[in-house]
Amino acid sequence: MNGFWQVIFNCIFSIGFVLGFNQIGTDRSESTESLREVVSFTVQKNNWGQTNSGKEIYEQYCLMCHQPAGNGIMGVTPPLSDTEYVLGDKERLVKLILNGSSEGLTIKGVTYSTPMPGFDSLSDQEIANVATYIRTSFGNTADSVTEMEVAQFRTENQQ
Ligand code: HEC
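Please read all numbers here as calculations on a predicted model, not as lab measurements.

Draft legend 1. Region of interest: the overall build of the chain. In terms of regular secondary structure, the chain is built from 7 helices and 2 strands. Order of helices (α) and strands (β) in the chain, N terminus to C terminus: α-α-α-α-α-β-β-α-α. Out of the 159 residues belonging to the chain, those deemed buried represent 19%. Across the chain, every contact between residues at least 6 apart in sequence was considered, and the portion connecting residues at least 24 apart equals 59%.

Here you go:
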């Protein structure tokens, strides 16, 4: 075989190999499982690095659902501006961020059926940062949440 055909053959062989390899474990449960691993890896990875600011955490973990201006997505994810959950009891807010929610909350008269994932793998300081960020953004003006408060709520949450 001359060089040209050798290259073509190698290309076809590698494409076939990649396609064949991808067939392994393509049933839905396995791909969902690996997606979950990627997500939890991304969340955990955060703990090995430096502490991120509330804005950074919001942009990385919350923005896709609650949107850049905290308006949510109509009928799918709730807004974060001027809601009882964001402005009210800090303990309830922190526990909601730690645990996520699939309760089907009614916010400003709309009931949501999409579940929100929990962010238990973020550090106390990062949960405090993001909680403070949402309480002071999107027109909200509530006081901040401290690392110590989060540590206390997290301990209670685990009991
Ligand atoms: C996958 C989309 C999704 C992501 C990501 C997400 N949320 Fe949510 N969030 C929701 C949904 C849906 C609800 C309503 C849950 C329910 O009805 O039980 C909700 C509810 C809330 C609430 C209470 C309701 C309100 O509007 O005041 C707060 C506060 C909140 N989320 C903050 C956050 C923060 C902070 C983050 C990032 C750390 C985050 N969310 C990430 C979808 C998401």
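Draft legend 2. Geometry of the site of the ligand. Surrounding the ligand, one finds 28 residues, the nearest of these being C62, C65, P78, Y85 and M116. Put simply, the parts of the chain that give the shell around the ligand at least two residues each are helix 3 (54-66), helix 4 (84-87), helix 5 (90-99) and helix 6 (124-135). Considering each element in turn, the shell around the ligand owes the most residues, 5 residues, to helix 3.

Draft legend 3. Here's a closer look at helix 6. With 12 residues, helix 6 ought to run about 16 Å at 1.5 Å a step, and its terminal C-alpha atoms sit 16 Å apart, in line with that. Burial within helix 6 is extensive, with 10 of its 12 residues counted as buried. Looking at the buried side of helix 6, the elements it contacts are helix 3, helix 4, helix 5 and helix 7 (147-158).

Draft legend 4. How the structure looks around unusual backbone geometry. Although it is not a glycine, D82 sits at a positive phi angle of roughly 55°. Position of D82 among the secondary structure elements: in the loop between helix 3 and helix 4. Classification of D82 by C-beta neighbours within 10 Å gives partly exposed; the count is 13. The backbone phi angle of F138 is positive, close to 55°, even though this residue is not glycine. Checked against the element boundaries, F138 lands in the loop between helix 6 and helix 7.

Draft legend 5. Examining the nonpolar core more closely. Core analysis: the biggest nonpolar cluster contains 19 residues, and V94, I127, V130, A131 and I134 have the highest contact counts within it. If you list the elements that add at least two residues to this core, you get helix 3, helix 5, helix 6 and helix 7. By residue number, the principal contributor to this core is helix 6, which donates 6 residues. Not counting the four nearest positions on each side in its chain, V94 is found in contact with I127, A131, V145, V150 and F153.

Draft legend 6. The environment of R154, seen in detail. By the secondary structure assignment, R154 is in helix 7. R154 sits 56 residues away from L98 along the chain, and the two C-alpha atoms are 7.7 Å apart. Not counting residues within four places of it along the chain, the set of residues in contact with R154 comprises L98 and D124.

Draft legend 7. The arrangement of the environment of Q67 in detail. Relative to the elements of secondary structure, Q67 occurs in the loop between helix 3 and helix 4. Looking at Q67, the number of C-beta atoms within 10 Å reads 15, which means it is partly exposed. Through-space distance from the C-alpha of Q67 to that of T77 is 9.1 Å; in sequence the pair is 10 residues apart.

Basis of the calculations
- Residues numbered from 1 in each chain as written.
- Predicted model: local features only at pLDDT ≥ 70, side-chain atom pairs only at ≥ 80, totals over all residues.
- Helix = DSSP H or I, 4+ residues; strand = E, 2+ residues; numbered from the N terminus.
- Buried ≥ 20, exposed ≤ 12 C-beta atoms within 10 Å, placed from the backbone.
- Contact = placed C-beta atoms within 7 Å.
- Near = placed C-beta within 6 Å.
- Expected span 1.5 Å × (residues − 1).
- Core = buried A, V, L, I, M, F, W, Y, C linked by C-beta atoms within 7 Å.

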